[in-house]
Structures are given as C-alpha cells and as structure tokens.
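The lines below spell out each chain.
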Amino acid sequence: MIDYPEFTSSIISELPDKGIIRCTSPSNIALVKYWGKRPVQLPENASISFTLEACKTSTSLSYKKRDKISDDFDFELLFEGSPKPDFKPKIQNFFTRIEKYLPFLKQYTFTIETSNTFPHSSGIASSASGMSALACCLMQLEKKINPNISDSDSMQKTSFLSRLGSGSACRSIEGPVTVWGEHEAIKASSDAYAIKFPHVIHQNFEDYQDTILLIDKGEKQVSSTVGHDLMHGHPFAAKRFEQAAGNIIKLKEILISGDIDAFIEVVESEALTLHAMMMTSLPYFILMKPNTLSVINKVWQYRSETGSKLCFTLDAGANVHLLYPNSEKNKVLEFITNELVAYCQNGQYICDKIGLGAKIL
Ligand code: DP6
C-alpha cells in the first residue's frame, strides 16, 4: 500500500483548546467519469470534472480538546440540525483512513454540523460536497497546529484527504475544472489528489451552465462502493479504462480550443458508457428511468432542430445534468420549462453552473 509520507504530519505547536471552523464545498459533475477503483481510494482511470457552484454542503466543525485521550474518535454528527447516526460509520471510516495524516484527531471531541443547499435525497450525491467540506474544516485545524504549511500544499492535502472520504470529493476543492488521476497528458496529475486543469480554458466554457433535472429522487439502487467494485473482473474493464484515458486527451484539447461539438460527443459518450458498464456487469443494473431516456431523446431532437449546443451527462442514477453555454441560458430554460419539466419528479430541477470550489468562511 502507498504511504504518501509527504502528507503525514506531526504536532509541532500546542494544540488549540477549542474553537469552530466553517467551510462550504460544492458538488462536481464528471465529464470523463471515475468508475472503478483500487485500494485505498485510487482511481483506475483519470477523470475530469466541472466544479459546481450552487449545489454545496456547509459544514461547521466544533473542536474541544479532550481531558483524557482514548483509543476512539469522539464526534457527534448533526445533519440539518438533527443527529444523524446512520452517517456515523462513514465518518468513522474516514477518520480511521486519515488519522495518519492528521495525528491530532483522537485528542479532540468534535461536533460536525452539516447542511446541503440541495434537497435531501434528491438523488444528488452529497458525498463529494460533504466529504470535501469536512476535509476542508479538518485541514484548517491542521493549519492551526502546523502554521508553516503553504497555501498550495494545504490545497493539495485537502484534496488528498477528501479523496479518502469519497473519490469524487477530491475534485471539489478547486475549480472551475479539475483532473484527478495520473495521466501523461496532464502535467502534475496524480492518483492521490485532484489538480486544477493546468491550461487556460477557452471562453466558450466560461460560466457554463448545469441544470440538474431531478428525474427520480429514490434511494440509490447501488452504492458507489458497490458500483466501483463491479469493475473488478468486468469483461470490458480494460477497454473502458483505455477509452477514458483517450477521452482525457480529447477533452484537454477541447477545453483549450473551445470546440463545443467535440465536447458534446465526448461528454454524452462518457455518460452512456458509465451506464453501459453498469448494464454489463454482474450483477447488472439499469439506473436510468424511462423519463431519463425521454429527456435524452428530447435533448437530441432540440439540438437537431435548433442547432443548440445543449448536451447531457449522467451520474450513477436517473437524474440528468444538462450542460450548455451561458449564452443559451434563456432559450434552454424556456425549453426546460416547456418540454422537460414534465419528466421531472414533482417538476423539480436545480439551476447550477461551474464554480470555484471549497471556501473557508
Ligand atoms: C458516477 O466518488 O461517489 O459519480 O469513491 O466510492 O465515494 P467513492 O465513489 P464516488 O463515485 C462517483 C462516481 C460517478 C462518476 C464521477 O463522479 O466521476
């Protein structure tokens, strides 16, 4: 197992007695998907995403030095004001994974209070925003204890820690575009943390919009951990990872050149491939719903009739992310209200756009 000694730390100054730290961190939407991982939380292929702005988690971390150190982590978790015992094992597991890199964890009693801007169980994955917001708070505490850490090292370590909570979370720390996973075409890319896309992005992608249609707000049929596991022994896994690597090269050029037609092709193909992987694994799943397909067909029809650059992508669920240039905003929103809202559960959708990542409040 890889150790990452560059991220281990020791306690060099006196521990602060108590305090509170607040951070927000957004969700992100992958353009080239992460699907398949090896221990611990290392991706089988590089992925690239738009960081979002409106869909985010706010977390406050209250910390108080313990009188007696014990062998257990001591934390309480409140989600939107109420205790949330079912989230605790995930945090416990996260703390166990990161203790080596934040050796003060057992010396504190923590109260973690978190809330999301998007509706609970909307089918929007909260693990990316939730884990990155918590990692961001913990990293601020680390900075109080190790004040010499530089801003860029701290950013990198926040992403590194987030990854150990949830893979995609490491892509939420910075924006507007981040890359996670080592790839020869992306300088300084790493499996251990995400980096900001290291080139100037064409203005065609400035303020790019993401409207999320909530097609099905039901409980996830497959947890992401189970989903990633299905790539082990998957008959098409090796080809898929090869394809993703090729799509990273294509998307790099596209983001620099501003070729939106090529963007559409890569992004929609990635979304459908992700779902094709689920349909062809054992056990197999179909996470799209009939309304997901209706929306996709409507988007294709709209594009061919109007010449619009509207396209879609999907997560591991039925909801549809509609991606489009800011210049088309009014027209696309009109199309959504007239033609697509009917396919959304309770008519719900969320307007988001690309953003800049986690913030310390
Ligand atoms: C389909 O990051 O949720 O959204 O590492 O197990 O927490 P874990 O998985 P997670 O997987 C996200 C998968 C995806 C594609 C993506 O975001 O790249």
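All values reported here derive from a predicted model rather than from experimental measurement.

**Student:** Outline the pairing of strand β4 (residues 47-65), listing residues and values.
**Tutor:** Of the strand pairs in this sheet, strand β1 (residues 18-32) and β4 are connected by 13 bridges, and their pairing is antiparallel. Across the sheet, Pro26 pairs through a bridge with Lys56, a residue of β4. When β4 meets strand β8 (residues 177-180), the two strands line up antiparallel, connected through 4 bridges. For Ser47, the partnering residue across the bridge sits in β8 and is Trp180. Pairing of β4 with strand β7 (residues 108-116), which is carried by 9 bridges, proceeds in the antiparallel orientation. Each bridged residue has a counterpart across the sheet, and for Leu61 the counterpart in β7 is Ile112.

**Student:** Explain the side chain of Ser49 to me, and be specific about the residues and the numbers.
**Tutor:** Mapped onto the secondary structure, Ser49 falls in strand β4. For Ser49, the side chain forms a polar contact with the side chain of Arg171, separated by 2.9 Å. Once residues lying within four places of it in the same chain are set aside, the contact partners of Ser49 are Asn28, Ile29, Ala30, Leu31, Arg171, Pro176, Val177 and Thr178.

**Student:** Outline the site of the ligand, supporting the account with residue identities and numerical values.
**Tutor:** In the region of the ligand, 17 residues are neighbours, and Tyr34, Lys37, Ser166, Gly167 and Ser168 sit closest. A distance of 2.7 Å is found between an oxygen atom of the ligand and a side-chain nitrogen or oxygen belonging to Ser168. Between the ligand and Asp315, the relevant distance is 3.4 Å, taken from an oxygen atom to a side-chain nitrogen or oxygen of the residue. Contact with the protein chains removes 94% of the 460 Å² of surface that the ligand exposes when unbound. Within the shell around the ligand, the residues separate by chemical class into 5 nonpolar, 8 polar and 4 charged.

**Student:** With reference to specific residues and values, describe the nonpolar core.
**Tutor:** If you look at the biggest cluster of nonpolar residues, it comprises 70 residues, and the most contacted ones within it are Ile48, Phe50, Phe95, Phe110, Leu138 and Phe263. When residues of this core are assigned to their parent elements, the largest contribution, 9 residues, is made by helix α2 (residues 127-145). Those residues within four positions of Phe263 in sequence are excluded, and the remaining contacts are Leu31, Phe50, Phe205, Tyr208, Leu251, Ile254, Cys311 and Leu323. Counting 22 residues, the second largest nonpolar core, distinct from the first, contains Ile296, Val332, Leu333 and Phe335.

**Student:** Residue-level account of the sheet that holds strand β10 (residues 209-213), with values.
**Tutor:** Note: strands within a sheet are paired through backbone hydrogen bonds, in either parallel or antiparallel orientation. Read from one edge to the other, the open sheet built from 4 strands follows the order β11-β12-β10-β13, with strand pairing classed as antiparallel. Edge positions in the sheet fall to β11 (311-314) and β13 (349-353), since each of these pairs with one other strand and no more. Adjacent strand axes in the sheet meet at a mean angle of 25 degrees when their direction is disregarded. Two strands pair when backbone bridges link them, and β11 and strand β12 (residues 320-324) are joined in this way by 4 bridges, in the antiparallel orientation. Residue Thr313 lies in a different strand from β12, and its bridge partner there is His321. Along the sheet, helix α7 (residues 290-306) makes contact with β10, β11 and β12, crossing β11 at roughly 155 degrees.

**Student:** Which residues make up the pattern of salt bridges, and what values go with them?
**Tutor:** Under the criterion given, the structure shown has 14 salt bridges. As a salt-bridge pair, Asp207 and Lys353 come within 3.3 Å of each other at their nearest N and O atoms. Of this pair, Asp207 sits in the loop between β9 (194-196) and β10 while Lys353 sits in strand β13, and the two are 146 residues apart along the sequence. Between Arg303 and Glu268 there is a salt bridge, with the nearest N and O atoms lying 2.7 Å from each other. Placement of Arg303 in helix α7 and of Glu268 in helix α6 (residues 260-279) is noted, with a sequence separation of 35 residues between them. With relative accessibility at 6%, the residue Glu268 sits in the buried group.

**Student:** Residues and numbers for unusual backbone geometry, please.
**Tutor:** Cis geometry marks the peptide bond from Gly175 to Pro176; its omega dihedral reads 0 degrees. By secondary structure assignment, the location of Pro176 is in the loop between α3 (151-165) and β8. Residue Pro283 follows Leu282 across a cis peptide bond; omega there is -5 degrees. Residue position: Pro283 is located in the loop between α6 and α7. A positive phi angle, close to 60 degrees, is found at Gln41, a residue other than glycine. Mapped onto the elements, Gln41 comes out in the loop between β2 (37-38) and β3 (42-43). Look at Gln41 and you get buried, because its relative accessible area is 5%. The backbone of Ala188 shows a phi angle near 70 degrees, a positive value even though the residue is not glycine. With respect to the helices, strands and loops of the structure, Ala188 is situated in the loop between β8 and β9.

About the thresholds
All residue numbers here refer to positions counted from 1 along the written sequence of the relevant chain. Given that the model is predicted, a residue must reach a pLDDT of at least 70 before its local features are reported, and side-chain atom pairs must reach 80 or more before they are shown or counted; all residues, however, enter totals for whole chains, interfaces and linings. With hydrogens and water excluded, all non-hydrogen atoms of the structure serve as input to the side-chain values. The pairing criterion is simple: DSSP has to find at least two bridges between the two strands. A run of H or I in DSSP counts as a helix once it spans at least four residues, and a run of E counts as a strand once it spans at least two, with each numbered from the N terminus. In protein, a polar contact means a hydrogen-donor-capable atom and an acceptor-capable atom, both N or O and within 3.5 Å, with residues adjacent in sequence counting only if both atoms are side-chain atoms; elsewhere, any N or O pair within 3.5 Å suffices. Whether two residues touch is decided by their heavy atoms; if any such pair falls within 4.5 Å, the residues are in contact. For each residue, the test is whether any non-hydrogen atom lies within 4 Å of the molecule or strand; if one does, the residue is near. Each accessible area is a Shrake-Rupley estimate made with a 1.4 Å probe; only the visible protein chains count as cover when residues are assessed. Basically, the charged four are Asp, Glu, Lys and Arg, the nonpolar ten are Ala, Val, Leu, Ile, Met, Phe, Trp, Tyr, Cys and Pro, and anything else, Gly included, counts as polar. By convention a nonpolar core is built from buried Ala, Val, Leu, Ile, Met, Phe, Trp, Tyr and Cys residues, the set being connected through side-chain atoms within 4.5 Å. The buried label goes to any residue with under 20% of its type's maximum accessible area, the exposed label to any with over 50%, and the partly exposed label to all in between, with areas taken from a 1.4 Å probe on protein chains only. Only C-alpha atoms enter the line fits that serve as axes; for helices the fit covers just the stretch in contact. Angles between N-to-C directions range over 0 to 180 degrees. We define a salt bridge as a contact between a side-chain nitrogen of Lys or Arg and a carboxyl oxygen of Asp or Glu at a distance within 4 Å.

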